[in-house]
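The residues making up each chain are set out below.
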Amino acid sequence: MEVKRPSLRIWLGFLLVSTIVPCSLGKFVVEKNSLRVTSPDKIKGTYDSAIGNFGIPQYGGSMAGVVAYPKDNKKGCKEFDEFGISFKTKPGALPTFLLVDRGDCFFALKVWNVQKAGASAVLVADDIDEALITMDSPEEDGSSAKYIENITIPSALIEKSFGETLKKAISDGEMVYVNLDWREAVPHPDDRVEYELWTSSNDECGFKCDMLMEFVKDFRGAAQILEKSGYTQFTPHYITWYCPQAFTLSRQCKSQCINHGRYCAPDPEQDFSTGYQGKDVVVENLRQLCVFKVANESEKPWVWWDYVTDFQIRCPMKEKKYNKECADAVIKSLGLDGRKIEKCMGDPNADSDNPVLKSEQDAQVGKGSRGDVTILPTIVVNNRQYRGKLEKGAVLKAICAGFEETTEPAVCLTGDVETNECLDNNGGCWRDVAANITACKDTFRGRVCECPLVDGVQFKGDGYSRCEVSGSGRCKINNGGCWHESRDGHSFSACLDIDGGKCQCPQGFKGDGVKSCEDIDECKEKKACQCPECTCKNTWGSYDCTCSGDLLYIRDHDTCISKAAAEARSSWAAFWVIFVGLAMVAGGGYLLYKYRLRSYMDSEIRAIMAQYMPLESQSEVPNHLSDGHA
């Protein structure tokens, strides 16, 4: 009988269950907001509701509306258009809060269908008597990815008994008015907000990984402004699990864990035989924690956002660049101390605890009003887990709700955040200091590193560590990256703007044309001044040749001649130049005179002949002798 190996799903499930042991003293806390019924009087009061983990809760604000319960499609699993139902708010009327029943489909799908029908908020009535839970989005459901990211209305789960109360009031013909209040959803004890992001460096986990990476890129500018101004204290965290002692030597543990099974992450591709392994993710997570630690020690904790963003762009798994070499290049471009980061990371093969990852596992356990962290990604604001869409505006609103009233920074009172990422360390992009040219381009979302176009000359490269000029006109920009030097009023360049551009040392120099061109001693190498009477003296980029006595040096012929001969040659040359010039002037004058004289004579002869023998083809010819002659 064949014994089947446990499937990956079973193994991961077992691994996840095993991690519950150290967290057993923790708890999962459902983040709530206040729901207050203002009418009718018989059900007036305040009730609890659990904030949905998607959409955009109105943190720091409140919303009033009237509750409606549909006659058809009561669970909201189908589009309301199929039933000819619309909940769009009419002019002057309160917004509609649609009540739907739990069951048959995802929470997020119910909310999406309600949003398309025009309602302003969704209340989902539980179908069993139990404590409230958090409505989460589907896990890695590709078909749901598009509508989840487009959900913009808030939603909340209410208890079954309260749902029945609302339904009865509506069926009795009552107008049920409610007020959803998120003003106390986030504590606001002082003028500084502490918040955390529980994340992972894994970029191959589907929709949630893509959503997380997009959020990090979008939110970076706002996060750095708040941090630099002292309004917030941000801390990144990474979830890890441990492998049960009995399985530390198994293939699964060895491929997914470091430090002998103490710190593990799931295999990115969920295939132990190919691609990256879970331990690769743990090591990069550890590196990102140490990047934050080193940056924080240098009083620049916001550099973590730069590193994580650049690592995502430059070192993706799909391009096989998710490795130490690529990470080190990013670290270097941001001016971080790589040696301190390596020391912080320690030895992943050691059979001992890693202090950084051990503290992360301890932090996963809920404390006070914050529950255990079990969902990735998770944001915690003032020790309260954020529920809602992972989107810049929504998260910023939750953070701003954490400030004590009247202490909010200006960014919380504006519609957007504008920051020039290129002003700090050039955004980690390539830069030519001498030519004052940079690959950093500031954008509303942050910055991009793209080789620039300057004065019609295109630079090419990765934009981070390298940009090189190419094409015609390259010598105008920083001498095309070639060698150039000036001495004693003379300048030489190795840049040739031909054949797409190349660097070649000019005549009189030798070298690679890029870093150096050394002067050639023409005198020593006997390339010039070889006549017996010549004396050679080398100069930078050229040479001087003098002749003994009264001799003069002729450079073109590399020879010496006497001054008398030179003067005679010059005199005869001058004579012949003058003679030839005069001859040409005389010949030209003669030709002009002959032409004008002949034309004049021809005209007079024709006039005289016309008086006595008129030509058939000429009725009248002018007479130069007398204009009045008949």
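Looking at an unreviewed UniProt entry, one finds the chain named Vacuolar-sorting receptor 3-like, with Rhizophora mucronata as its source organism.

## Quick notes on the overall build of the chain
Across its full length, the chain holds 13 helices and 30 strands. Here the chain holds 630 residues, and the buried ones make up 45% of them. Across the chain, every contact between residues at least 6 apart in sequence was considered, and the portion connecting residues at least 24 apart equals 62%. Per element, the accessible surface of the chain, about 34,100 Å² overall, is 53% carbon and sulfur.

## Digging into the sheet that holds strand E19 (residues 457-460)
Read across the open sheet, the three strands follow the order E18-E19-E20; overall the sheet is antiparallel. Edge positions in the sheet fall to strand E18 (453-454) and strand E20 (468-470), since each has one partner strand and no second. Judged from the three bridges that link them, E19 and E20 form a sheet pairing that is antiparallel. Looking at E20, one finds that Gln458 is bridged to Ser470.

## As for the packing of aromatic side chains
Here the distance between the centres and the angle between the planes together describe a pair of aromatic rings. Under the definition given, this model contains 20 aromatic pairs. Arranged with centres 6.4 Å apart and planes meeting at 90 degrees, the rings of Tyr195 and Phe219 form a pair that is edge-to-face. On the criterion of sequence distance, the pair formed by Tyr195 in strand E8 (residues 193-199) and Phe219 in helix H5 (residues 207-228) is long-range, its members being 24 residues apart. Per residue, the accessibility class of Tyr195 equals that of Phe219, and both read buried. With a centroid separation of 5.4 Å and an interplanar angle of 65 degrees, the aromatic rings of Tyr276 and Tyr322 are classed as edge-to-face. Here Tyr276 is found in the loop between strand E11 (263-264) and helix H7 (278-297), whereas its partner Tyr322 is found in the loop between helix H8 (303-314) and helix H9 (324-333), with 46 residues between them in sequence. Looking at Tyr276, the relative accessible area reads 12%, which means it is buried.

## Re H9
Those residues of H9 lying buried are Cys326, Ala327, Val330 and Ile331. One side of H9 carries all its buried residues, which in axial view fall inside an arc of 140 degrees. For H9, exposure combined with an orientation more than 90 degrees from the buried face picks out Glu325 and Lys332. Where H9 is buried, its residues meet H7, H8 and helix H10 (338-345). Regarding H9, its N-cap is Asn323, as a side-chain oxygen of that residue lies 3.3 Å from the backbone nitrogen of Glu325 further along. Residue Gly335 follows H9 closely and has a positive phi angle near 70 degrees.

## Structural notes on the nonpolar core
Phe219, Tyr307 and Ile399 are the most contacted members of the largest nonpolar core, which totals 58 residues. A total of nine residues in this core trace back to one element, the largest contributor, which is H7. Filtering out sequence-adjacent residues up to four positions away, Phe219 remains in contact with Tyr195, Trp305, Lys392, Val395, Leu396 and Ile399. Ranked by size, the runner-up nonpolar core spans 25 residues in total, among them Ala50, Trp112, Val124 and Ile148.

## Observations regarding H10
Those residues of H10 lying buried are Ile341, Cys344 and Met345. Each buried residue of H10 sits inside an arc of 100 degrees when the element is viewed along its axis, so together they form one side. Projecting away from the buried face of H10 at angles above 90 degrees are the exposed residues Arg339 and Lys343. Packing partners of the buried residues in H10 comprise H7, H9 and helix H11 (355-363). Residue Gly346 follows H10 closely and has a positive phi angle near 70 degrees.

## Examining the UniProt feature "domain: EGF-like" (unreviewed entry) in the chain
Here the UniProt-annotated "domain: EGF-like" (unreviewed entry) positions come out as residues 503-517. End-to-end, the C-alpha atoms of residues 503-517 are 10 Å apart, and along that stretch the chain is 0% helix and 20% strand.

## So, the environment of Val216
Examined against the element boundaries, Val216 turns out to sit in helix H5. When its relative accessible area of 1% is taken as the criterion, Val216 is described as buried. Sequence-wise, Val216 and Lys392 are 176 residues apart; in three dimensions their C-alpha atoms are separated by 8.6 Å. For Val216, the contacting residues outside a window of four places in its chain are Leu197, Trp305, Val308, Thr309 and Gln312.

Rules used throughout
Residues numbered from 1 in each chain as written. Predicted model: local features only at pLDDT ≥ 70, side-chain atom pairs only at ≥ 80, totals over all residues. Heavy atoms only, no water. Helix = DSSP H or I, 4+ residues; strand = E, 2+ residues; numbered from the N terminus. Buried < 20%, exposed > 50% of the residue type's maximum accessible area, 1.4 Å probe, protein only. Contact = heavy atoms within 4.5 Å. Areas by Shrake-Rupley, 256 points an atom, 1.4 Å probe, with all protein chains shown as cover. Pairing = 2+ DSSP bridges. Phe/Tyr/Trp six-rings, centres within 6.5 Å; stacked < 30°, edge-to-face > 60°. Arc of directions from axis to C-beta. Polar contact = N/O pair within 3.5 Å; in protein donor to acceptor, adjacent residues only side chain to side chain. Core = buried A, V, L, I, M, F, W, Y, C linked by side-chain atoms within 4.5 Å. UniProt positions renumbered as here; feature names shortened; annotations may be inferred.

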